[in-house]
Amino acid sequence: MLTDPIADMLTRIRNAILAKADKVDIPASRMKLEIAKILKDEGFIRAYKIIKDKRQGTLRLSIKYLNNESIITGLKKISKPGRRVYVGSKEVPAVMGGVGIAILTTPKGIMHDRAARAEGVGGEVLCYVW
């Protein structure tokens, strides 16, 4: 059992980028699927899909490269099991001056920082991606 499945997801993506892999497989969950949707919509990954199996399923991410360099240059987990980080609607962080994104879980669902500011909601900061 993993104590922090989102940190595991970020580590798998980071390791796949370092290994120059085209795809990475991650045990699926609804939260990971929502994070994958945000990464796809923001242009950090090429595609994602759910592969059904007899258990929880597998989320397969296709990593996006440009000139043999990954679009994702960094991933950082912010909230951890021992220390949760919450922000109000006025304190939603801008990552790398707006180049990166912060992924938050809010009362209106999982969303990136610009969407949270537009909706006027805060929440728990899951991670930064740049």
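My aim in this report is to walk through the structure given alongside it, one point at a time.

So, on to the overall build of the protein chain. Each helix and strand counted, the protein chain has three helices and ten strands in total. The order of α-helices and β-strands along the protein chain, N terminus first, is α-β-α-β-β-β-β-β-β-β-β-α-β. The globule rule puts the C-alpha radius of gyration for 130 residues at 14 Å, and the 14 Å found for the protein chain is close to it. With respect to the three principal axes, the spread of C-alpha positions in the protein chain is 40 × 35 × 25 Å. Within the protein chain, contacts between residues separated by at least 24 positions form 61% of all contacts whose residues are at least 6 apart in sequence. If you sum the accessible surface of the protein chain, you get close to 7500 Å²; carbon and sulfur atoms cover 52% of it. Taken together, the 24 basic and 13 acidic charged side chains of the protein chain have centroids lying 3 Å from each other.

Here we take up helix α1 (residues 5-18). End to end, α1 covers 20 Å across 14 residues, agreeing with the expected 20 Å (1.5 Å per residue, within 8%). Looking only at α1, the buried set comprises Ile6, Asp8, Met9, Leu10, Ile13, Ala16 and Ile17.

Taken together, the four bridges between strand β8 (residues 101-106) and strand β9 (residues 109-112) define a ladder with antiparallel strand orientation. Bridged to Thr105 within β9 is Ile110. Hairpin connection of β8 to β9: two residues between the antiparallel strands.

Each value, and the rule that gives it
- Residues numbered from 1 in each chain as written.
- Predicted model: local features only at pLDDT ≥ 70, side-chain atom pairs only at ≥ 80, totals over all residues.
- Heavy atoms only, no water.
- Helix = DSSP H or I, 4+ residues; strand = E, 2+ residues; numbered from the N terminus.
- Rg over C-alpha atoms; globule rule 2.2 N^0.38 Å.
- Contact = heavy atoms within 4.5 Å.
- Areas by Shrake-Rupley, 256 points an atom, 1.4 Å probe, with all protein chains shown as cover.
- Lys, Arg positive; Asp, Glu negative; His and termini not counted.
- Charge placed at Lys NZ, Arg CZ, Asp CG, Glu CD.
- Expected span 1.5 Å × (residues − 1).
- Buried < 20%, exposed > 50% of the residue type's maximum accessible area, 1.4 Å probe, protein only.
- Pairing = 2+ DSSP bridges.

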